[in-house]
Amino acid sequence: MLDHYLDLGGTEIANPARLAAYLETVGSPLDSAAGCGCDTFTAEHLGDEEYTTPEAGAPWYDPDMPSSAEFTGLMVLSVDGLDDHPVVRTTTPAVTGGAALGPARVQARTITVTGVLLGATCCGVEYGLRWLAEALAGTTGAGCGGDCLTLFNCCPGEFEAPEEFVAQHRRTLRRVALVSPPTVISRTGSGCSGRGGCSVGADMLTVEFVLTAGTPWLWTDPVPVIDVPVPSDPSTECVTWCIHSNSESPTEPICVELLEGAGCLPGAVLVEFADTSACGPDGVEGRTRKRHRGPVWGHAVMRRARLWTTCARIRRAAVPPRPSHRRRRTATAPPSRSTPRRTNWT
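Residues numbered from 1 in each chain as written. Predicted model: local features only at pLDDT ≥ 70, side-chain atom pairs only at ≥ 80, totals over all residues. Heavy atoms only, no water.

Novice: What am I meant to see in the packing of aromatic side chains here?
Specialist: Two numbers describe a pair of aromatic rings. These are the distance of the centres and the angle of the planes. On inspection of all chains with the given rule, the structure shows seven aromatic pairs. Clustering of aromatic rings is evident, with ring pairs tying together Tyr5, Phe41, Phe152 and Phe165. Above the plane of the ring of tryptophan 219 lies arginine 174, whose end atom (NZ or CZ) is 4.3 Å from the centre. (Phe/Tyr/Trp six-rings, centres within 6.5 Å; stacked < 30°, edge-to-face > 60°. Lys NZ or Arg CZ within 6 Å of the ring centre and 35° of its normal.)

Below, the structure is given as C-alpha cells:
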C-alpha cells in the first residue's frame with residue numbers, strides 16, 4: 001500500500017514526490033535530502049507539473065504568510081488500519097456445545113497516521129502543524145457527511161504508464177472524517193533551533209492523528225458502463241408511455257396514451273404503478289404498490305410493473321371509511337336550568 005500519498009476531500013495531505021523536491025529546494029533538517037516514499041511516484045502520476053518550490057502551487061502556501069514557503073510537507077511514517085477486513089461476527093456459547101453464530105456486521109475503519117513535519121525553519125514547521133489541523137477538518141467541517149480519502153494501493157512500476165497506473169491502483173475511502181486531531185508525540189529541537197532564532201534551523205515534529213471511514217471499503221475509480229444522451233421529446237404534446245415485461249415471461253407491453261388537457265407539463269408526468277411480481281420468502285407471488293412523483297424525461301421503462309394512472313390526478317374509488325380503533329366519545333348537552341332538580345329530603 002502506497003500510504004505515503006494521502007488526499008482528503010480534494011486537499012493533498014501528504015505527497016512523497018512533492019516532499020522530495022521541496023527538501024532539495026527549500027531545505028531540510030535531515031541528514032539526507034531524500035525522504036521516505038516511492039522513487040517511481042512522480043508529479044506526472046497526479047497530473048501536476050514538476051515540483052519546484054511551495055510558491056509554485058503547494059496546497060499550504062499563503063502569500064500573506066512568509067513562513068508557509070518554509071514548510072516542506074508531511075513525511076508519513078506509518079498508516080495503520082488499511083489492511084484490516086472490517087467485518088466482525090459475534091458468537092454465543094450453545095447449551096449443547098459449540099457456539100451460535102451471529103450475523104456479520106460491517107464496522108467502521110479506523111486509520112491511524114504517524115508522520116513527521118519538516119521545514120527549513122521552526123516557524124515553517126509550526127505553520128505546517130496549524131495547516132495540517134485545518135486541512136484534516138475536511139470540506140464538511142463539523143458536519144456528519146465526511147469526505148473522500150484518496151490513496152494508491154501500490155508503488156508504480158518503473159516502466160508503467162502513469163495513466164494506466166492511476167486507473168488501476170487508485171483507491172478511495174468514503175465518508176472519512178477526523179476523530180482525533182494531530183497530536184505532537186515527540187519534538188526534535190528546542191522550538192527555535194539555530195542561531196538567529198526562527199530564521200535559521202528547524203525542528204522535526206512527530207505527529208499522530210486518527211481518521212475514521214464510515215464506509216470502510218476501498219473503492220476503485222468508477223467504470224463507465226454506458227454513456228448515451230437522455231432521450232427527450234421537444235414537442236409539447238403528451239407522450240405515450242409503455243411498460244415492457246422482463247425477458248423471462250415476455251408479454252405485450254402496456255401502453256397508456258395521455259389525453260389532451262390532462263395537465264401534463266412538458267417532460268414531466270405523474271406515475272403510480274403496482275409491482276405484481278414481488279415474491280414472498282416462500283416463493284408465493286405477492287403484491288406491492290409503489291408510487292413515483294416527479295419529472296420523468298424521455299421514454300420510461302419500468303420492468304415488472306403495471307401502470308395505473310399517469311399525468312392526471314388520481315381518481316380513487318369511493319371506499320367506505322374504516323372503523324376506528326379509538327373509542328368515540330359522545331358529547332352530551334349540559335342540563336338546562338329550567339329543568340327542576342331532584343332533591344332527597346331526609
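Novice: Help me understand the confidence of the model for the protein chain in this model?
Specialist: One rule of thumb: low pLDDT means the predicted coordinates there are not for detailed reading. For the protein chain, per-residue confidence averages 74 on the pLDDT scale, and 62% of positions sit at 70 or higher. Predicted confidence for residues 193–197 stays below pLDDT 50, and this span has seven contacts to residues more than four positions away or in other chains. Under a pLDDT of 50 for its full length, residues 269–318 has, in the predicted model, 102 contacts with residues more than four places off or in other chains. (pLDDT = per-residue confidence, 0-100. Contact = heavy atoms within 4.5 Å.)

Novice: Any chance you could explain the pattern of salt bridges here in plain terms?
Specialist: Two side chains bearing opposite charge may form a pair once their charged atoms approach each other closely. Per the stated rule, a full pass over the model turns up four salt bridges. The salt bridge partner of glutamate 12 is arginine 18, with a shortest N-O separation of 2.6 Å. By the burial criterion, glutamate 12 is buried, and arginine 18 matches it. For arginine 18, the salt bridge is made with aspartate 48, and the minimal N-O distance between the two is 4.0 Å. In this pair, arginine 18 sits in helix α1 (residues 16–25) while aspartate 48 sits in the loop between α1 and β3 (71–80), placing the two residues 30 residues apart along the sequence. (Salt bridge = Lys/Arg side-chain N within 4 Å of Asp/Glu carboxyl O. Buried < 20%, exposed > 50% of the residue type's maximum accessible area, 1.4 Å probe, protein only. Helix = DSSP H or I, 4+ residues; strand = E, 2+ residues; numbered from the N terminus.)

Novice: Hey, could you run me through the side chain of arginine 109 in this one?
Specialist: Mapped onto the fold, arginine 109 is located in strand β6 (residues 109–119). In this structure, arginine 109 is buried with no salt-bridge partner, the nearest side chain bearing the opposite charge being aspartate 84 at 5.8 Å. Within the local environment of arginine 109, its side chain forms a polar contact with the backbone oxygen of aspartate 84, the two atoms lying 2.8 Å apart. A polar contact is formed between the side chain of arginine 109 and the backbone oxygen of proline 216, at a distance of 2.8 Å. If we ignore the near neighbours within four places in the chain, the residues touching arginine 109 are Gly81, Leu82, Asp83, Asp84, Pro86, Leu173, Leu211, Thr212, Ala213 and Pro216. (Lys, Arg positive; Asp, Glu negative; His and termini not counted. Polar contact = N/O pair within 3.5 Å; in protein donor to acceptor, adjacent residues only side chain to side chain.)

Novice: What should I look at first to understand the environment of arginine 175 in this one?
Specialist: Position of arginine 175 among the secondary structure elements: in strand β8 (residues 170–188). Placed 31 residues apart in sequence, arginine 175 and cysteine 144 show a C-alpha to C-alpha distance of 8.6 Å. Non-local contacts of arginine 175, meaning those with residues more than four positions away in its chain, are made with Gly145, Gly146, Asp147, Thr212, Ala213, Gly214 and Thr215. At 3.5 Å, the side chain of arginine 175 forms a polar contact with the side chain of threonine 215.

Novice: Explain α1 here, please?
Specialist: Because an α-helix packs 3.6 residues into every turn, residues spaced three or four apart end up facing the same way. When you tally the buried positions in α1, you get seven out of ten residues, the bulk of the element. Residues Pro16, Ala17, Arg18, Leu19, Ala21, Tyr22 and Leu23 constitute the buried set of α1. For α1, the N-terminal cap is asparagine 15; the gap from its side-chain oxygen to the backbone nitrogen of alanine 17 is 3.1 Å. Looking one or two places after α1, you find glycine 27, whose phi comes out positive at around 135°.

Novice: I tried to follow the state of the cysteines on my own but got confused; where do I start?
Specialist: By definition, a disulfide links the sulfur atoms of two cysteines through a covalent bond. A full pass over the atoms with the stated rule returns one disulfide. Paired by a disulfide, cysteine 38 and cysteine 155 hold their sulfur atoms 1.5 Å apart. Separated by 117 residues along the polypeptide, cysteine 38 in the loop between α1 and β3 and cysteine 155 in the loop between β7 (147–152) and α3 (162–169) bring together distant segments of the chain. Exposure remark for cysteine 155: the relative accessible area of 39% places this residue in the partly exposed category. (Disulfide = S-S within 2.5 Å.)

Novice: I keep staring at the nonpolar core and nothing clicks. Help me out?
Specialist: For soluble globular proteins, nonpolar side chains are generally found buried alongside one another. Counting 43 residues, the largest nonpolar core has Ile13, Phe41, Leu74, Ile111, Leu117, Leu132 and Leu149 as the members making the most contacts within it. Here this core gets seven residues from one element, more than from any other, and that element is helix α2 (residues 122–136). Judged by nonpolar contacts, the second largest core, of five residues, contains Leu19, Leu23, Met75 and Leu118. (Core = buried A, V, L, I, M, F, W, Y, C linked by side-chain atoms within 4.5 Å.)

Novice: Would you mind going over α2 with me for this structure?
Specialist: Across its 15 residues, α2 extends 21 Å between first and last C-alpha, which sits within 8% of the 21 Å expected from 1.5 Å per residue. When we look at burial in α2, the residues that qualify are Cys122, Gly124, Val125, Tyr127, Gly128, Leu129, Trp131, Leu132, Ala135 and Leu136. With its phi angle positive at about 75°, glycine 138 sits one or two positions after the end of α2. (Expected span 1.5 Å × (residues − 1).)

Novice: Quick question: what am I supposed to make of the pairing of strand β5 (residues 99–106) here?
Specialist: Within a regular strand, the side chains alternate between the two sheet faces. The pairing of strand β4 (residues 87–93) with β5 spans six bridges and is classified as antiparallel. By the bridge assignment for β5, arginine 89 is matched with alanine 104. Once β4 ends, the chain turns through five residues before running back antiparallel as β5, passing glycine 97 with a positive phi of about 105°. (Pairing = 2+ DSSP bridges.)

Novice: Sorry if this is basic, but what is going on with the environment of leucine 211 here?
Specialist: Among the structural elements, leucine 211 can be located in strand β9 (residues 204–219). Through-space distance from the C-alpha of leucine 211 to that of leucine 149 is 9.5 Å; in sequence the pair is 62 residues apart. Sequence-distant contacts of leucine 211, defined by excluding residues within four places in its chain, comprise Arg109, Thr110, Ile111, Leu149, Val176, Ala177, Leu178 and Val179.

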